[in-house]
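Examination of the molecular architecture
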Amino acid sequence: MFPMSSPAVAFFLSLLFLLLAAAAANLDIGKTLSGYSDFSDFSSMLNETGVADQINSLQTVTVLAVSNGNLGALSGLSSEDKKMVMSVHVVLDYYDETKFNKSHSKHPKILTTLYQETGKARKQVGFLNMTNTGKTPVVFASAVPNSHIEAQLVKEVSTKPYDLSVLQISNLLNVASVSPAPYVAPVASPPRKVLAPAPTSTPTSTPTPSLADEEDVSPASSKTKPSTGLEPAAAADAPGSEQKSSAASVACGDYLASTIVMISMWAWFLLTMI
């Protein structure tokens, strides 16, 4: 045995660490895709979003690659959303074309993606449905409800059993939580009705009410006081009645005075004759 302080032991341990590190980082998705020009844009997007580094840190992975010209759905998305979409195209298991073709089932098979591992996945965004009925091509779709866009398996690109598999699919998978909502034109509010100004009243001569108009006047609107059976007394108290009674009293008084004067004069005349 070598002493622990021996340079040979230090060299052996360093070599062991290098071998372990090389074994742990035995994937290089960029190097794998570099031999296929049809996936240069997809490879660039993996590097731009940092998903390539995450793939290289894994031991077993399947990449669902999309050819150049079919990445238009990423346009307009934020960097975080682009990273999420690319992570959904990385399956945390090894599948090659043969394995998928043998997976016949009436029900979809659930595949776990790299995005599920981040802990940010909501509403099944981190899962894919793989369907293979044996009568139709192998189909992939997001497990999110209402994700109607599907992608078909096209071909096997590169495999390194059982560490890395790159499979081509027809188009990017739809991720409902980041897909742009369709533009809906705002509903215009109905035009308001323009009300004509109220006609202004102009002074006019008051029309003479007809007989029919007088009959339509309700008792409540009449200014005449209702009859109480005391009209004669009220009429006697009126100023016109007082003036008539006063004039009659004065005339009666003058006649009585004249009569007394005449009788007095006749009486004096008779006395003087005697």
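Residues numbered from 1 in each chain as written. Predicted model: local features only at pLDDT ≥ 70, side-chain atom pairs only at ≥ 80, totals over all residues. Heavy atoms only, no water.

An unreviewed UniProt entry annotates the protein chain as FAS1 domain-containing protein originating from Hibiscus sabdariffa.

1. What to know about the overall build of the protein chain
Within the protein chain one finds ten helices and seven strands. Counting all 274 residues of the protein chain, 26% fall into the buried class. Pairs at least 24 residues apart make up 60% of the contacts formed inside the protein chain by residues separated by at least 6 positions. Working note: accessible area of the protein chain is about 19,400 Å², and carbon and sulfur atoms make up 62% of it. (Helix = DSSP H or I, 4+ residues; strand = E, 2+ residues; numbered from the N terminus. Buried < 20%, exposed > 50% of the residue type's maximum accessible area, 1.4 Å probe, protein only. Contact = heavy atoms within 4.5 Å. Areas by Shrake-Rupley, 256 points an atom, 1.4 Å probe, with all protein chains shown as cover.)

2. Some words on the packing of aromatic side chains
The full count for this structure, using the stated rule, is three aromatic pairs. Measuring from centroid to centroid gives 5.2 Å for Y94 and Y162, while their planes differ by 75°, and the two rings are edge-to-face. On the criterion of sequence distance, the pair formed by Y94 in the loop between β2 (90-91) and α6 (97-101) and Y162 in the loop between β6 (150-160) and β7 (164-169) is long-range, its members being 68 residues apart. Its relative accessible area of 61% is what places Y162 among the exposed residues. With centroids separated by 4.7 Å and ring planes inclined at 10°, the aromatic side chains of Y95 and F100 adopt a geometry described as stacked. Assessed through its relative accessible area of 6%, Y95 is described here as buried. (Phe/Tyr/Trp six-rings, centres within 6.5 Å; stacked < 30°, edge-to-face > 60°.)

3. Concerning a nonpolar patch on the surface
A surface patch of nonpolar side chains, about 570 Å² in accessible area, is lined by M262, M265, W266, F269 and L270. Looking at where M262 falls in the secondary structure, it is placed in helix α10 (residues 239-273). On the accessibility criterion, M262 (46% relative accessible area) is partly exposed. (Patch = residues over 30% accessible without salt bridge, like charges linked within 9 Å, V, L, I, M, F, W, Y side chains within 5 Å. Salt bridge = Lys/Arg side-chain N within 4 Å of Asp/Glu carboxyl O.)

4. Here's the deal with the sheet that holds strand β5 (residues 139-142)
Pairing within the open sheet is mixed, and its seven strands lie in the order β2-β1-β7-β6-β5-β4-β3. Across the chains shown, the open sheet's two edge strands, defined by having one partner strand only, are β2 and β3 (109-112). (Pairing = 2+ DSSP bridges.)

5. Things to note about unusual backbone geometry
A cis amide bond links P161 to the next residue, Y162, at an omega of -10°. A positive phi angle is found at K123, which is not glycine, with a value near 55°. Mapping K123 onto the fold places it in the loop between α7 (114-117) and β4 (127-131).

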